[in-house]
Amino acid sequence: MRSRNRLEGGDNALLTSLQMQEADQAAIAGGAEGSALMQAAGAAVAVAVGVRWKMRPVIVLCGPGNNGGDGFVAASHLRSAGWPVKLALLGSRDALVGEAAGAADLWHGSTVPFLPGCLDGAGIVVDAMFGAGLSRPLAGPALDLVMALKHRHIPVCAIDVPSGVDGSTGDVLGAAARAEVTVTFFRKKPGHLLYPGRGLCGDVVLADIGIPASVLNAGSQDTWENGPDLWLESYPWPQPEGFKYKRGEVLVLGGEAVTGASRMTALAASRAGAGLVTVAAPVRVWSIYAASLMNAIVHSFDGPTDFNTMLADARRNVIAIGPGAGVNASTRDYVLAALATKRAVVLDADALTSFAEAPEQLFDAIKGPCVLTPHAGEFLRLFDVDGDKLHRTRRAAQRCGAVVILKGPDTVIAAPDGRAIINANAPPQLATGGSGDVLTGFVAALLAQGMAPFEAAAAAVWLHGAAASHFGLGLVAQDLPDVLPAVLQNLKALSDTVGRS
Ligand SMILES: NC(=O)C1=CN([C@@H]2O[C@H](COP(=O)(O)OP(=O)(O)OC[C@H]3O[C@@H](n4cnc5c(N)ncnc54)[C@H](O)[C@@H]3O)[C@@H](O)[C@H]2O)[C@@H](O)CC1
Ligand SMILES: Nc1ncnc2c1ncn2[C@@H]1O[C@H](COP(=O)(O)OP(=O)(O)O)[C@@H](O)[C@H]1O
Ligand SMILES: [K+]
């Protein structure tokens, strides 16, 4: 049976430019020929062009490094297959070194000046200007060509990344033109999944160029693309001998002015498998909760003493606070009381914003398992960290000692120990009021059933995206818990299949 818990060097691993370089060097040290890797890379690009487009004039834009070398190889393959190919090289051919120089020597077709006019008459552009070696913002002739590309609307096949996209971060250095397809090698890079890079890559094709998986040092791998492979093995499927308390009890703090948000959290926690869900409903609005929640136990409470009494029941192994809670001192007190139990706590929305003036107070109180689920605005209120999204989420998790889910179209999940997962299955219809409240419920339910915080966070984010995709357009937040069962059946079928193989 293949391993199903693959927070190691598996296919989901994402490599920075430096890690990719190390993988390349390790492959060469292990006997692979550098030129063979480049030949395989260029051939894969030619195949990607051939399967996607009918034969037409191609211009290959080659840069001064190995990305350009891949371009020379792709150009040679396409030309051999009968395509009309022109090639433009940034800089002089004599300046090429190593494998790129070798690939250029094998190019016997026409070379045209590296100027915007070289795009005239082209039906496809192969962008082989810069890949992993991009070290500064585009300027000069490269910038001129990328700007021309952006305005011409000629389909682009990018090699490794669209030139100008930093593969390690997804940031754009200077400018980058949108590709229809991006062919990358061995493993994807964070920049393929993080915006704005992700929006410029088009379809990402991952090509095997002969680098063996064994070059990845499992122990040093720290970034992955989210998927069931990462957490399916520890997914808490209902067990024949289980009972409701064994499946955990989530305590949700209900809001007073806003009641819908925490009710959605409660419904989501029930659907995601918590054995019991209890809502602490403010006494003045208790009837709203009692009348509308059939799956949850609704307890009325009136202030901190009542809330502490509810916390005293240790069967309530997860506490979820934030949706609709209100931004105020009481919410802060409830959060601190929940954290003091050292049981698992999920903090979202108002639970986070209530600490905007004193984030240290929150971070100092986190001593047990904890997941924070900020969107970009909430994140800014708590964390003063710069850099790309992956880096910022990692630093935040280290800073607060909790798993941080930094939400958005490219949600990043980071653990205090430096591990991080980028999610890529969330469709745009998820951007609807209340969908974050549902995510809080999913995370809480998985924690209640015993999943570790990092895995629970990743699984919940994935299920959330899968549920939104399953439902399709017209989604409102309360649809997410309702379609979760269908997503879970599919996941269970996958789990059973993997278990049998
Ligand atoms: N590492 C690997 O395992 C493999 C790498 N391959 C290819 O090699 C690429 C990486 O090659 P390199 O490391 O040579 O890097 P690149 O070819 O991406 O670029 C490096 C070159 O561009 C120059 N440069 C960087 N930023 C610039 C800017 N803004 N303006 C002008 N010049 C700039 C650098 O001085 C250097 O000459 C990958 O993206 C991939 O396409 C493939 O051949 C397959 C194997
Ligand atoms: N453009 C998008 N594409 C996909 N998912 C998105 C997009 N924008 C937001 N999301 C997701 O939608 C959810 C919104 O949560 P949040 O901002 O807390 O909203 P609310 O407070 O209304 O519940 C998050 O899970 C986020 O990752
Ligand atoms: K490129």
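Every value quoted in this text rests on a predicted model; they were computed, and no experiment measured them. (Residues numbered from 1 in each chain as written. Chains lettered and ligands numbered in written order. Predicted model: local features only at pLDDT ≥ 70, side-chain atom pairs only at ≥ 80, totals over all residues.)

The next subject is the overall build of the chain. A tally of helices and strands in the chain yields 17 helices and 17 strands. Since a compact globule built from 501 residues should have a radius of gyration of about 23 Å, the 26 Å found for the chain is in line with a globular shape. Principal axes of the C-alpha set define a box for the chain whose edges measure 80 × 50 × 40 Å. Split into buried and exposed, the 501 residues of the chain put 54% on the buried side. Partitioning the intrachain contacts of the chain with sequence separation of at least 6 by distance along the chain shows that 74% fall at a separation of at least 24. (Helix = DSSP H or I, 4+ residues; strand = E, 2+ residues; numbered from the N terminus. Rg over C-alpha atoms; globule rule 2.2 N^0.38 Å. Buried ≥ 20, exposed ≤ 12 C-beta atoms within 10 Å, placed from the backbone. Contact = placed C-beta atoms within 7 Å.)

With that out of the way, let us pick up the sheet that holds strand β11 (residues 297-301). What the ten strands build is an open sheet, ordered β8-β17-β16-β15-β14-β13-β12-β9-β10-β11; its pairing is mixed. This sheet does not close on itself; its edge strands, each paired only once, are β8 (223-225) and β11. The average undirected angle you get between the axes of adjacent strands in this sheet is 20 degrees. Here strand β14 (residues 370-372) runs beside strand β15 (residues 403-406); their pairing, made up of two bridges, is parallel. (Pairing = 2+ DSSP bridges. Axes fitted to C-alpha atoms, helices over the stretch in contact; angles between N-to-C directions.)

Next up on the list: the site of ligand 2. The immediate surroundings of ligand 2 are formed by 18 residues, with Lys407, Pro409, Leu430, Ala431 and Gly436 found nearest. No other element matches helix α15 (residues 435-448), which puts four residues into the shell around ligand 2. Looking at the shell around ligand 2 residue by residue, the class counts come to eight nonpolar, eight polar and two charged. (Near = placed C-beta within 6 Å. Nonpolar A, V, L, I, M, F, W, Y, C, P; charged D, E, K, R; others polar.)

The residue Ala175 is located in the loop between β5 (156-159) and β6 (181-185) in this model. Distance in space between the C-alpha atoms of Ala175 and Val165 is 7.8 Å, their sequence separation being ten residues. Ala175 has contacts with Leu138, Leu143, Val146, Met147 and Gly164, leaving out every residue within four places of it along the chain.

Following the UniProt record, the feature "binding site: AMP" (unreviewed entry) maps to Lys407, Gly408, Pro409, Asp410, Thr411 and Gly436 here. The greatest C-alpha distance among the residues just named is 14.0 Å, despite their covering 30 residues of sequence, which places them together in space. Within the fold, Lys407 resides in the loop between β15 and β16 (412-414). When near neighbours in sequence (up to four residues on either side) are disregarded, Lys407 contacts Thr373, Pro374, His375 and Gly436. Looking at the element boundaries, Thr411 is found in the loop between β15 and β16. With sequence-adjacent residues up to four places away left out, Thr411 is seen in contact with Ile405, Leu406, Asn423, Ala426 and Val461. (UniProt positions renumbered as here; feature names shortened; annotations may be inferred.)

All right, on to the site of ligand 1 then. The local shell around ligand 1 holds 28 residues, among which Asp24, Gly65, Asn66, Gly131 and Gly133 are the closest. If you list the elements that add at least two residues to the shell around ligand 1, you get α1 (17-29), α2 (34-52) and α3 (66-80). Here the element with the most residues in the shell around ligand 1 is α3; it accounts for five residues. Classifying every residue of the shell around ligand 1 by side-chain character gives 14 nonpolar, ten polar and four charged.

Here we come to helix α17 (residues 479-500). Since the α-helix advances by 3.6 residues per turn, residues separated by three or four positions end up pointing in the same direction. The terminal C-alpha atoms of α17, which comprises 22 residues, lie 32 Å apart, in line with the 32 Å expected from a rise of 1.5 Å per residue. At Pro485, α17 is deflected by roughly 35 degrees, the largest bend along its length. Every buried residue of α17 is listed here: Leu480, Pro481, Leu484, Val487 and Leu488. Taken together, the buried residues of α17 touch α7 (260-271), α15 and α16 (453-471). (Expected span 1.5 Å × (residues − 1). Bend = angle between axes of the 7 residues up to and from the residue.)

Moving on: the domain arrangement of the chain. Buried accessible area, meaning the area lost when the parts come together, often serves as the stated size of an interface. Each assigned domain of the chain is listed here: domain 1 (17-220) and domain 2 (228-500). Look at where the C-alpha atoms of domain 1 and domain 2 centre, and you get two points 41 Å apart. Of the residues lining the interface, eight residues belong to domain 1; the matching set on domain 2 comes to seven residues. Class assignment of the residues belonging to the side of domain 1 that touches domain 2 gives a composition of four nonpolar, two polar and two charged. (Domains from an automatic or database assignment.)

Looking now at the UniProt feature "domain: YjeF N-terminal" (unreviewed entry) in the chain. Following the UniProt record, one finds the feature "domain: YjeF N-terminal" (unreviewed entry) at residues 20-217. Structurally, residues 20-217 comprises 35% helix and 16% strand, and the distance from its first C-alpha atom to its last is 12 Å.

How two helices sit against one another is set out by the angle between their axes and by the gap between those axes. One way to put it is that α7 packs onto α17 with a least axis distance of 9 Å and a crossing angle of 5 degrees. Taken together, the axis directions place α7 and α17 in an arrangement best described as roughly parallel. Contacts from Leu267, Ala268 and Arg271 in α7 reach Leu480, Pro481 and Leu484 in α17. Residue composition of the contact of α7 with α17, by class: five nonpolar, no polar and one charged. (Parallel < 35°, antiparallel > 145°, perpendicular 65-115°, else oblique.)

All right, on to the pairing of strand β1 (residues 58-62) then. For β1, the tally of buried residues reaches five of five residues, placing the bulk of the element in the interior. Across the two faces of β1 the burial is the same, with Val58, Val60 and Cys62 and Ile59 and Leu61 all buried. Where β1 and strand β2 (residues 85-89) come together, five bridges link them in parallel fashion. Residue Val58 lies in a different strand from β2, and its bridge partner there is Val85.

Pairing is parallel across the open sheet formed by seven strands, whose spatial order is β3-β2-β1-β4-β5-β6-β7. Each having just a single partner strand, β3 (110-112) and β7 (203-207) make up the two edges of the open sheet. Neighbour-to-neighbour, the strand axes of this sheet turn through a mean angle of 25 degrees, independent of strand direction. Sitting on the sheet, α3 is in contact with β1, β2, β4 (124-128) and β5, with an inclination near 160 degrees to β1.

A few words now on the confidence of the model for the chain. A low pLDDT means the predicted coordinates there should not be read in detail. Within the chain, residue pLDDT values average 96, and 98% of them lie at 70 or more. Counting contacts from residues 1-5, a segment whose pLDDT is below 50, to residues more than four positions away or on other chains yields eight contacts. For this predicted complex, the interface confidence comes out at an ipTM of 0.96, alongside a pTM of 0.96. (pLDDT = per-residue confidence, 0-100.)

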